[in-house]
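# Observations on chain architecture
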Amino acid sequence: MSGAERIAAAFESARAEGRRAALMPYLMAGYPDLERSREIARDYVAGGADLIELGIPFSDPLADGPVIHAADVAALAAGANVTDALSVVRAVDEHVPVVVMCYANVILARGLERFADLLAEVGASGLIVPDLPLEEAPAIRELLDARGLALVPLVAPTTPDERLTRIGAAARGFVYTVSVTGTTGERDESDAGLPEILARVRAHSEVPVALGFGIGTPAQAAAAAAAGADGVIVGTRLVRAAGEAPGEVRSLVAEFAAALAA
Amino acid sequence: MSSGIEHRFGPYGGQYVPETLMPALAELEQAWLEARDDERFQARLRGLLQAYVGRPSPLYLAERLSAQVGHPVYLKREDLNHTGAHKINNALGQALLAQRMGKRRIVAETGAGQHGVATATACALLDLECVVHMGTEDIRRQQPNVQRMELLGATVMPVQAGARTLKEAVSAAIRDWVTNVTDTHYILGTAAGPAPYPAIVRDLQRVIGDEARAQVFELTGRLPERVIACVGGGSNAIGIFTPFVPDTEVRLIGVEPAGEGIETGRHGAPLTVGGPGGSGGILHGSYSAIMQDEDGQILEAHSISAGLDYPGSGPEHAWLRDQGRATYTAITDREALDAFARVARLEGIIPALESAHALAWLFNNPDSELDIVCLSGRGDKDLAEVIAKL
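This text gives an overview of the structure that appears in the document. As the structure is a prediction and not an experimental result, all values here were calculated from the model.

### A short note on the overall build of chain B
- A tally of regular secondary structure across chain B gives 15 helices and 14 strands.
- In terms of C-alpha radius of gyration, chain B reaches 19 Å, essentially the compact-globule figure of 21 Å for 390 residues.
- Each of the three principal axes of chain B carries a C-alpha extent, and together these read 55 × 45 × 40 Å.
- A burial count over chain B gives 66% of its 390 residues as buried.
- Put simply, chain B shows about 12,800 Å² of open surface, and 51% of that area lies on carbon and sulfur atoms.
- Chain B carries 35 positive and 48 negative side-chain charges, and their two centres are separated by 3 Å.

Dropping the structure here:
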């Protein structure tokens, strides 16, 4: 099964098992250090993750808020390099599909083709590049397509329908829908416009629609599912836990999974 | 000027930003295309540049400086602009554009504080809310400008991340813009960032070169042999270079900060270090020459001059470099400090530390018939930092 097919299957089995949405927790590779980030990835699987989003640390993560930015900086300070960070995929890829999240310059520095090869080698299923909009994406998408890996696009509440059509047509794996106008981070309020945003994205796309940014509690995850998300991405809350109380990560993921259970 | 707006300069430029910002960039590009061709908008901008900023800025024959280097040297006196630097040309133009787009809130980044002051000034004039992101290290070394911004009604947001200088201030401003994009315009201060910024900033700064080219003809009846400007992101340089680019006999010299020395790695000179075709990477939304390690992690820049303390560069500069049309070179902190003091005594002009890099290169390379140096700003803001080190 190709990476893109594994992603599709993960969403499909969540649906087949009657769950309200697939759970996709995010972790920062190399944070707090390499070995512990592998343990956290395994805890995610044990806690009930359907897919995992694995962040590769970057010095200047423009789409991320202060918590994940600080984790980037800490991971780099702890010595994480790109090769080691990608190797974290291997800790869990037998169990769940892993989608790598990586900023564009890190990919470019390695060379697009070599980076695509590396993703395939470590067993990743897809790639998310938060600073690579549709217009800049064709070259890497072609390389990933050739390896059966999914280039997952992001859409935002500000994305107009005309762009949604083009982004949806080029989407592989799923569409990462940014739930708020802003950077990653926990938020108290939940956006009343979620059902509308999700419906708009769904109308322009044939792959599943996952929602991320600002989902920090099981109740918010449940609300995202109720609003129509096929998948829910939880990032900052878990990265914070990885720094503050790594022992609780597994039960925290289990709480999110329970909130999405049938 | 009737053509569209460049997204790429050769391989450089592009739009490497979160999707959230893409509609805002498209809106900005459309607004600029319309404003650029709107005579009423241009007349308003021209009127303010003249009566409020004090343009045209003089092209001044620096006689004692000329005698020392052995040929006529003309200084393009951007230091005489209102707020004391070239930054006001761009800030005022973009603030007018924001007003035209109906955006009432402005964010900006600043390093030396000159762009922050210029933006705060334009916002006061046009009654716009202004938030300036500034690294805490720069807040420390450019205290007078922080006080000016606050007096002008701006909110200065301290940025604690990284080296606490210009790179992190730009990142913080972009994050602010991502979060508040519906009612906010980001006035980027340099000719870098995602398209259409490099083209907009160049269009607004080329007034420097348009004036200088006409003035040098009027004063000397000829073109200069060299046009010399400092380069951080490169806005004053692209502004003065642009009208001279077709004059292939004029050498264009961009002077980057060598900091403690190129060989130490503690510099801010990606165009110089990479050489033609080198150092390509993505920083703050565009592909250009940047300082990075083999994994693509962005390195910290080092310069005594807060306005040049930046690991990136404008994409059009990288392209001018690769085409061989402009040459980029670097000057150390020490050389810049010496030029700073020397020009103060020679000409009674205290240059900004940024501009002192261009002057230092001139002292090191006196062999020429006629030069124009862009004196991009005044150095009052640098006194506290410089006096201790002279």
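Next comes the rest of the account.
### Section: helix 14 (residues 353-364) of chain B
Residues and elements named next belong to chain B.
- The first and last C-alpha atoms of helix 14 sit 16 Å apart over 12 residues, in line with the 16 Å expected at 1.5 Å per residue.
- Along helix 14, 11 of the 12 residues are buried, which leaves the element largely enclosed by surrounding structure.
- Those residues of helix 14 that sit buried are L353, E354, S355, A356, H357, A358, L359, A360, W361, L362 and F363.

### Here we look at the side chain of D309(B)
Residues and elements named next belong to chain B.
- Along the chain, the position of D309 falls in the loop between strand 12 (286-289) and helix 12 (315-322).
- A polar contact is formed between the side chain of D309 and the side chain of R141, at a distance of 2.7 Å.
- Excluding residues that lie within four positions of it along the chain, D309 makes contacts with R141, T165, L166, A301, H302 and S303.

### Comments concerning empty space enclosed by the protein
Residue and element names in this part refer to chain B.
- Under the criterion given, the structure shown has 10 cavities of 30 Å³ or more.
- The calculated volume of the largest cavity comes to roughly 330 Å³.
- As for the largest cavity, its lining consists of 28 residues, of which H86, K87, G307, L308 and E354 are closest to the centre.
- Contributing elements (two or more residues each) for the lining of the largest cavity: strand 5 (105-110), helix 5 (114-126), helix 8 (166-179) and helix 10 (235-241).
- Here the lining of the largest cavity is built from residues that sort into eight nonpolar, 16 polar and four charged.

### Quick notes on a nonpolar patch on the surface
Residue and element names in this part refer to chain B.
- A cluster of nonpolar side chains, I350, L383 and I387, forms an exposed patch at the surface whose accessible area comes to about 250 Å².
- Along the polypeptide, I350 turns up in the loop between helix 13 (333-347) and helix 14.
- I350 gets classed as partly exposed once you look at its relative accessible area, which sits at 35%.

### Looking at the packing of aromatic side chains
All names here are of chain B.
- Enumeration according to the criterion identifies eight aromatic pairs over all chains in this entry.
- Ring geometry for Y12 versus Y287: centroids 5.4 Å apart, planes at 15 degrees, classification stacked. Of this pair, Y12 sits in strand 2 (residues 12-13) while Y287 sits in strand 12, and the two are 275 residues apart along the sequence. As far as burial versus exposure is concerned, Y12 and Y287 are alike and both buried.
- Linked through ring pairs, W177, Y186 and Y197 together constitute an aromatic cluster.
- The ring of Y60 has R77 lying over it, and the distance from NZ or CZ to the ring centre is 5.8 Å.
- Between the NZ or CZ atom of R342 and the centre of the ring of F363, over which it lies, the distance is 3.7 Å.

The rules we used
- Residues numbered from 1 in each chain as written.
- Chains lettered and ligands numbered in written order.
- Predicted model: local features only at pLDDT ≥ 70, side-chain atom pairs only at ≥ 80, totals over all residues.
- Heavy atoms only, no water.
- Helix = DSSP H or I, 4+ residues; strand = E, 2+ residues; numbered from the N terminus.
- Rg over C-alpha atoms; globule rule 2.2 N^0.38 Å.
- Buried < 20%, exposed > 50% of the residue type's maximum accessible area, 1.4 Å probe, protein only.
- Areas by Shrake-Rupley, 256 points an atom, 1.4 Å probe, with all protein chains shown as cover.
- Lys, Arg positive; Asp, Glu negative; His and termini not counted.
- Charge placed at Lys NZ, Arg CZ, Asp CG, Glu CD.
- Expected span 1.5 Å × (residues − 1).
- Polar contact = N/O pair within 3.5 Å; in protein donor to acceptor, adjacent residues only side chain to side chain.
- Contact = heavy atoms within 4.5 Å.
- 1 Å grid on protein atoms, 1.4 Å probe; cavity = no way out; pocket = protein on both sides within 12 Å on 5 of 7 lines; lining within 4 Å.
- Points joined across faces, edges and corners; volume = space filled by probe spheres on them.
- Nonpolar A, V, L, I, M, F, W, Y, C, P; charged D, E, K, R; others polar.
- Patch = residues over 30% accessible without salt bridge, like charges linked within 9 Å, V, L, I, M, F, W, Y side chains within 5 Å.
- Salt bridge = Lys/Arg side-chain N within 4 Å of Asp/Glu carboxyl O.
- Phe/Tyr/Trp six-rings, centres within 6.5 Å; stacked < 30°, edge-to-face > 60°.
- Lys NZ or Arg CZ within 6 Å of the ring centre and 35° of its normal.

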